[in-house]
Amino acid sequence: MLREAICTPVCEMQEDVGDTMSVKAFELVSAVERELVIGEKVRVNIECIECCGKHLYLGTNDCFIHHFLLEEHTTVKGKLAYNAQKLLHKYLGLKKPVVELKAASALERLIVLCDTTITVVDMVTLEPVPTGGTKLKGVTAFCMNENPVTGDPFCVEMAVVSARRRAVQICTVHQDRVQMLKEVTTPEQPCALSLDGYFICLALPTQYMILNYSTGASQELFPYDCEERKPIVKRIGREEFLLAAPGGLGMFANAEGISQRAPVSWSESVIAAAVCFPYVVALDEGFVTVHSMLDQQLKQTMSFRDGQLLQDFEGKVVLASTKAVYMLVPLPLERQIQDLLVSHRVEEALTLTEAAQRNIPKEKYLKLHKRILQQAGFIQFGQLQFLEAKEHFRKGQLDVRELISLYPLLLPASSSFTRCHPPLHEFADLNHLTQGDQEKVQCFKRFLISYLHEVRSSDSANGFCQDVDTALLKLYAETGHESLLDLLVSDNACLLADSAPWLEKNHKYFALGLLYHYNSQDSAAIQMWVKIINGELQDSTRPDLFEYVVDFLSFCSNLELVWQYADWAIQKDQKIGVQIFTKRPISVDKKGQLNPDDVITYLKKHNQAILLYLEHLVLEKRLQKENYHTHLAVLYADRVLGLISQSSSTEEQLSAARQKLQQLLKESSLYRVQLLLGKLQDSELLLLEQAILHGKVEEHDKALHILVHQLKDSTAAEEYCSWASACQDQIYRQNLFQQLLSVYLDPDVPGGAQTIAAVDLLNRHADIFDAVQVLKLLPEEWSLPLLRPFLCGAVRASVHARCTSQVAVGLARAENLQLQHDRLKYRGGPILVSEKKGCKLCHNTFSEPDCACLPGGTPVHIHCIAKKALDLPVEWQQENANHSNHI
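Attention here is on the structure that accompanies the text. Nothing here was measured: the structure is a model prediction, and the numbers come from that model.

Let's talk about the packing of helix H14 (residues 509-518) against helix H15 (residues 522-533)
At a closest axis distance of 7 Å, the pairing of H14 and H15 adopts a crossing angle of 165°. The angle between H14 and H15 places the two elements in the roughly antiparallel class. The element H14 and its partner H15 pack so that their crossing is left-handed. For the pair H14 and H15, contact is made by Tyr-509, Phe-510, Leu-512, Gly-513, Leu-514, Tyr-516 and His-517 and by Asp-522, Ala-524, Ala-525, Met-528, Trp-529 and Ile-532, respectively. The residue inventory of the contact of H14 with H15, partitioned by class, reads 10 nonpolar, two polar and one charged.

Here it is, written out as C-alpha cells:
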C-alpha cells in the first residue's frame, strides 16, 4: 500500500494545494535572538535543540550546551511573545558538535550525544552524572520512547544506533545509571530511528522498515535513498510515524506497516518535519510549509531562509536557524475556523472543527460545533446550496428565527427575538442577499417554506410556534402556496393581528375567514365569505364557497348566527340553503340545536325549502309526528293540483309529483286522511289517490269501487288488495280478495259483472281464495274449463295443506313420545325391599313394605328419614344431587 502511494505524481498535487492555500495556522515568533546564542562568535552554529516546559537547551558545533528560560507574554496588540533569559552554558570538552539533546524531566537529566558518545548531565547544572559504568560509545543516533513499556516512572527508555554493528540497542536511563536491556540486529546500518512501545521505525540506507524488538517481527515499508536525501522518521502518535518518501511525499505508517492517512505533498528538499495536530509542518531550504493531516491540503507557506532545525515539544513547534531560535505559535483553532468560513471554505472549516474536539473541553466544543454548523449553513444558504444548508441548520440546532429574520416583515411585530451576537452571517436581509433578483427571491422563499414545514412537524419550534406559524402563513399567502388552507384548518399558532392584514393584502379572503373561524370569530368569518359570494370581494379559492358556507352554518353552534344568515342563504338558493337545517341534528329541547317546529314556521314563506325540509323530517329522519306527515302530504297534494291546473306542465312533471304523493299516502299512517280526501275528492284525475285514502280508513268497498268501476283498472285493483293486506294475516288477505271478486261479479253496477276480470283474478291468485266460498259465488252457467287453473290450484293448495297438517301432527306425536320416554327414564326402576335388607340409617331390617327412598334409590325407614333428614351425610347429598326418585 505504501509503495503504491509514493508513486503518485507530485507536481499535480502541489499545483492543486497551492490554489487552496490561505489559512494562517501559525505565526512565526522570535524566541532566542542571535546575540544570546553566539554573541560575537561568527562560526558558532546551532546543531540541536531540546525544550522541556519553559526550559530551552541548545547544542552548538563548538561543543557547548546553552540553557535558556523562556517566558511567554502578550504584547499590546494581543500577540504572543517570548523573553529569553540565558541561565547557563556548559562546555563538554570534546571539541565536537553536540549532535542530539533529549530531556528526561522525571529524572532531571539531559541526555547528550556528542562525538558518538552518550553523556548524561544534570538539567540544572549541566554537570555530568555517573552512568553506573555503562559506556555508550560509537553511537550515531538515539531516540526516546514516548510510549514506554517498562512501567517504571523513574526511568526513561531509549533506542541507540551503534556505528560498529548493524544493531539497535534498547536501554533504560536511571538517575544514577544507564542499563542495557536488549540488542536487536538490523539488515543494514540504521541512519535514523523513532521508538514507540515495542516498535522501532528505522530509516536504513535503502529503505524504511518497522521492527518489533519484543517479537523480532519486521515489516518493510518502501525504498528510500538516504545518501541522496536526509531521511525523516517522526513519531506522531501511538504506533504511528511520519516518513519522508521519494517524490516529495510525507507518508504516514502505523506499526503494522499500513498507511491509514493519505500522504502530504511537500518539497523534495525537506530537511525536517514536526506535528502539531491537525497539521504537519515541514522545513526545506527556503520555506516552512503547513499541511493538514485531515485533508492533506497545503494550508500555509512561510518564507524562512537558513533553516536548520524543526521539532515539536509538547504542543510547541520550535524552529531554528544556525544562529537563532523561533517559535511557530499555533493560532487558536476557533480563529482558524472563522478564517476558513470567511473564505467560504465550509467543508474545511467543518473538518477542522471536528478535529478540534480532542483539544477542547466537551461543553465548549459542543457549543462551538453548533455555531460553526450554523455559520456553515448560512454560507451555503447564501450560495443557494439549500440541501446542505438545511442539513447544517438541523445538526446545528439553529434557532429558526435567525433564518426568518432575514425575510422582511415575516416575524410578528410582537416577537421579542434579536439576532445572535456575534452574528452568524453577513447578510442584512433578503434584499441585500438577492440584490433585487426576483428569481432568487422566489428560490429563497421556497426554501424557507420547505424548512419551516419540516421544523413545524418536529420539536425544533417548541417555544416559538407563533413566530414559525405566522411566518409560514405569510409565505403561503404571498406565494399562493396550496398549503395555506391546510395550515389554517389544522392546529396552528398564527397570530391574528399579524396574519389578518397580510391575508387581506394578498387577497386571500377565504383563508382570512378560516383564520377568523380558528380564532373563534365565526361572525367575522361568515361576513368575509358572504362578501366574496356577493361579489364585493374577489377570491376564486373556493368555487363552491356558497355550499361551503351553508355547510359551515349547518354545523355552527351559534344559533343566532345561523338565523342571521339562513334567510340570505335560502333566498339565494332554496335547495342548497335549506341544508343549513337538514344537515343539523334534530332535537326539540337540546341546547345548541334547532327545534323542527321553529324551522317549519320560519320556512313557511319558502315553498321549495319547506318541502325539502319536511321530506327530510318524514322520509329521511322518519319522525313519527302527525302534523309533519299531514303538512308534507298537503304540500304534495297542492303541488299535484297546481300542475293539473297549469296548462304548461308536462306529463312527466305530473307523473313524478303524483308518484311522490302516492308513495307517501301508502307508506305513512300518520296524516289526516279526511283532510286530504276533502282536497282530492273533486279531482277526477286523482282517483287512485282517493282509493288509497279510502283504504287507509278501511273503506275497501269504496276504494275497490273507484278502481274497478271508475278507473276500470283491474291491475290497480289487484295491486291495491296486495298493498292493503301486506301487513295483515291470511284471513284478512282472503276476505279482501274475496271482496274484490264480489265487486267483479256484481251485476247491479253499470256495465254488469266483469267476468273476464273475475276469472283472471281467480286463476292468478288461486292459493289465496277459499275454494268453497268461491264456488258458492260463481254463476252456475260458468264452465269448468274456464276455471281449470283456479280449481287445479285450489286442489293443489288443499292437498298441500292436508299433507302439511299431517306432517305437523306426526311431528307433534313423535315429540310427545320422546317426552314420555324421558319422563320414565328419570323416574328409574323398582325399589326392592325384603326382611334381609337393612336400613342404611339405623341398620335394622325392614318389617313392612312401607319405606322412603334416598336420592340414588337407597331404601330407608320412614321414621329414620324423618329423624335423620337434617343429618344426612354431605357426601350422599352430593353423590345423588341429580336424582329425584322417591317411593
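Notes on the sheet that holds strand S3 (residues 55-60)
Read across the sheet, four strands follow the order S2-S3-S4-S5 without closing on themselves; strand pairing throughout is antiparallel. Two strands close off the open sheet at either side, each with one partner strand: strand S2 (46-52) and strand S5 (80-91). Going from strand to strand, the sheet's axes swing by 25° on average, the running direction of each strand aside. Pairing analysis gives five bridges linking S3 to strand S4 (residues 64-74), with the strands arranged antiparallel. Residue His-55 lies in a different strand from S4, and its bridge partner there is Leu-69.

Focus: the pairing of strand S14 (residues 199-203)
S14 sits mainly inside the fold: five of its five residues count as buried. Residue alternation in S14 divides its side chains into two sets, Phe-199, Cys-201 and Ala-203 and Ile-200 and Leu-202, and both sets are buried. Judged from the five bridges that link them, strand S13 (residues 192-196) and S14 form a sheet pairing that is antiparallel. Of the residues in S14, the one forming a bridge with Ser-194 is Cys-201. In sequence, S13 turns back onto S14 through a hairpin of two residues, with Gly-197 there showing a positive phi of about 65°. With five bridges connecting them, S14 and strand S15 (residues 207-212) associate as antiparallel partners. When the bridges of S15 are listed, Ile-200 appears paired with Leu-211. Taken together, S14 and the strand that follows it, S15, pair antiparallel across an intervening segment of three residues.

Details of the packing of aromatic side chains
Across all of its chains, the model carries 26 aromatic pairs by this definition. Here Phe-381 and Phe-447 contribute two aromatic rings whose centre-to-centre distance is 5.5 Å and whose plane-to-plane angle is 50°, an arrangement assigned as tilted. Taken together, the residues span a long stretch of sequence, with Phe-381 in helix H6 (residues 362-382) and Phe-447 in helix H10 (residues 438-456) at a distance of 66 residues. Like Phe-447, Phe-381 is buried.

Brief notes about unusual backbone geometry
Between Phe-277 and the following residue, Pro-278, the backbone shows a cis peptide bond with an omega angle of 10°. Assignment of secondary structure puts Pro-278 in the loop between strand S21 (272-276) and strand S22 (279-283). For the bond running from His-421 to Pro-422, omega is 0°, close enough to zero to count as cis. Take Pro-422: it is sitting in the loop between helix H8 (400-404) and helix H9 (430-434). In this structure, Glu-108 takes a positive phi of about 55° despite not being glycine. Relative to the elements of secondary structure, Glu-108 occurs in the loop between strand S6 (98-104) and strand S7 (109-114). You can call Glu-108 partly exposed: its relative accessible area is 46%. Unusually for a residue other than glycine, Lys-712 sits at a positive phi of about 55°. As for its position among the elements, Lys-712 is in the loop between helix H26 (700-710) and helix H27 (714-724).

Rules behind the numbers
- Here the residue numbers are simple positions, counted from 1 along each chain's written sequence.
- At least 70 in pLDDT is required for a residue's local features to be given in this predicted model, at least 80 for side-chain atom pairs to be given and counted, and no such filter applies to totals for whole chains, interfaces and linings, which use all residues.
- For side-chain calculations, the full set of non-hydrogen atoms in the structure is used, while hydrogens and water are omitted.
- To get an axis, fit a line to the C-alpha atoms, keeping to the stretch in contact for a helix; angles then go from 0 to 180 degrees between the N-to-C directions.
- Secondary structure follows DSSP: runs of H or I at least 4 residues long count as helices, runs of E at least 2 residues long count as strands, and numbering of each begins at the N terminus.
- Oblique is the label for any angle not under 35 degrees, not over 145, and not in the 65 to 115 range, which are roughly parallel, roughly antiparallel and roughly perpendicular in turn.
- For any helix crossing, the convention is left-handed if the near helix is rotated counterclockwise from the far helix by under a right angle, and right-handed if that rotation is clockwise.
- Contacts were defined at the residue level, with two residues in contact if any of their heavy atoms lie within 4.5 Å.
- Any residue outside Ala, Val, Leu, Ile, Met, Phe, Trp, Tyr, Cys, Pro, Asp, Glu, Lys and Arg is labelled polar, Gly included; the first ten of those are nonpolar and the last four are charged.
- Any two strands between which DSSP finds at least two bridges are classified as paired.
- Each residue is assigned to one of three classes by its accessible area relative to the maximum for its type, calculated with a 1.4 Å probe on protein chains only: buried under 20%, partly exposed between the two thresholds, exposed over 50%.
- Pairs were defined over the aromatic rings of Phe, Tyr and Trp, the Trp ring being its six-membered one, requiring ring centres within 6.5 Å. Orientation was assigned from the angle between planes: stacked under 30 degrees, edge-to-face over 60, tilted for the rest.

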